[in-house]
Amino acid sequence: MRDAYVIDDNFDNINFTQQPLEAGEYENCTFRNCNFEYVNLSEFKLTSCEFIDCNLSMTKLAGTAFRDVIFKDCKMFGMHFDDCNEFGMSFRFDGCALNNSVFYKTSIKRTLFKNCKLIEVDFAESDLSNSVFSNCDLSGATFERTNMEKADLRTSFNYTINPESNKLKKTKFSLSEVHGLLRRFDIEIDKNS
């Protein structure tokens, strides 16, 4: 049986937990207000697709290929991007909640995270070089042996990043949030001075 090849299609208000999406390759498709919660998207190939107002929480992503995919205003709790096919992996996130998701050891250079909740996300050993975190909440996010060279975190907040165990060359931070780099030293910073 051959996998589906779908191009230039729109999927609106579909609950894929009840009506499974046919396995295969999707190119230049838009998924709007769809529910993928706990759906198995393993081995799917998604190229130049857009997900808007979708729930993708806990989807299975073994071997899934995301190439130039946009996620806008999506709920994406507990997704394991570390299980994806890394070849050509690229996406951007705008207004998404990615809490408890995992990017462990992924190479996602030049990724845009805009207005996202990235609470307790695992970025350990990933390559985030040249990525932009614009107005993102990074409470409890894990950065350990992470390459963040030339990344931009100037408008993001609530992060704790150890400069001794991460690559931070030319990484941009705002002065008001720089205490996130010093938290591990258990020092007190007077924000009123």
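For the structure, see preceding data.
All of these numbers come straight from a predicted model, not from anything done at the bench.

## Some details on the overall build of the protein chain
Point 1. Of the regular secondary structure elements, the protein chain holds zero helices and ten strands.
Point 2. Going from the N terminus to the C terminus, the protein chain shows its helices and strands as β-β-β-β-β-β-β-β-β-β.
Point 3. Taken over C-alpha atoms, the radius of gyration comes to 18 Å for the protein chain, in line with the 16 Å a tight globule of 193 residues would show.
Point 4. Over its C-alpha atoms, taken along the principal directions, the protein chain stretches across nearly 65 × 30 × 25 Å.
Point 5. The burial tally for the protein chain puts 47% of its 193 residues in the buried class.
Point 6. Considering only residue pairs separated by 6 or more positions, the protein chain has 2% of its internal contacts joining residues 24 or more positions apart.
Point 7. Here the protein chain has roughly 10,100 Å² of accessible surface; of this, 45% comes from carbon and sulfur atoms.
Point 8. Put simply, the protein chain has 23 plus and 30 minus side-chain charges, and the middle of one group is 6 Å from the middle of the other.

## Some details on the pattern of salt bridges
Point 1. Per the counting criterion, the structure on display carries eight salt bridges.
Point 2. Between K105 and E125 there is a salt bridge, with the nearest N and O atoms lying 3.8 Å from each other. In this pair, K105 is assigned in the loop between strand 8 (90–94) and strand 9 (112–114) and E125 in the loop between strand 9 and strand 10 (132–134), connecting sequence segments 20 residues apart.
Point 3. With a relative accessible area of 45%, K105 lands in the partly exposed category.
Point 4. On the accessibility criterion, E125 (27% relative accessible area) is partly exposed.

## Considerations on the packing of aromatic side chains
Point 1. One pass over the structure, following the stated rule, counts 30 aromatic pairs.
Point 2. Where F113 meets F133, the ring centres are 4.8 Å apart and the plane angle is 5°; that geometry is what we call stacked. Here F113 is found in strand 9, whereas its partner F133 is found in strand 10, with 20 residues between them in sequence.
Point 3. Residue F113 is classed as buried on the basis of its relative accessible area, which comes to 0%.
Point 4. Of the residues examined, F133 reaches a relative accessible area of 1% and is grouped as buried.

## Observations concerning a positive patch on the surface
Point 1. Together, R110, K150, K169, K170 and K172 make up a positively charged patch on the protein surface.
Point 2. Mapping K170 onto the fold places it in the segment after strand 10.
Point 3. Note on K170: relative accessible area 58%, which makes it exposed.

Definitions and cut-offs
- Residues numbered from 1 in each chain as written.
- Predicted model: local features only at pLDDT ≥ 70, side-chain atom pairs only at ≥ 80, totals over all residues.
- Heavy atoms only, no water.
- Helix = DSSP H or I, 4+ residues; strand = E, 2+ residues; numbered from the N terminus.
- Rg over C-alpha atoms; globule rule 2.2 N^0.38 Å.
- Buried < 20%, exposed > 50% of the residue type's maximum accessible area, 1.4 Å probe, protein only.
- Contact = heavy atoms within 4.5 Å.
- Areas by Shrake-Rupley, 256 points an atom, 1.4 Å probe, with all protein chains shown as cover.
- Lys, Arg positive; Asp, Glu negative; His and termini not counted.
- Charge placed at Lys NZ, Arg CZ, Asp CG, Glu CD.
- Salt bridge = Lys/Arg side-chain N within 4 Å of Asp/Glu carboxyl O.
- Phe/Tyr/Trp six-rings, centres within 6.5 Å; stacked < 30°, edge-to-face > 60°.
- Patch = residues over 30% accessible without salt bridge, like charges linked within 9 Å, V, L, I, M, F, W, Y side chains within 5 Å.

Taken by themselves, the reported measurements are silent on function.
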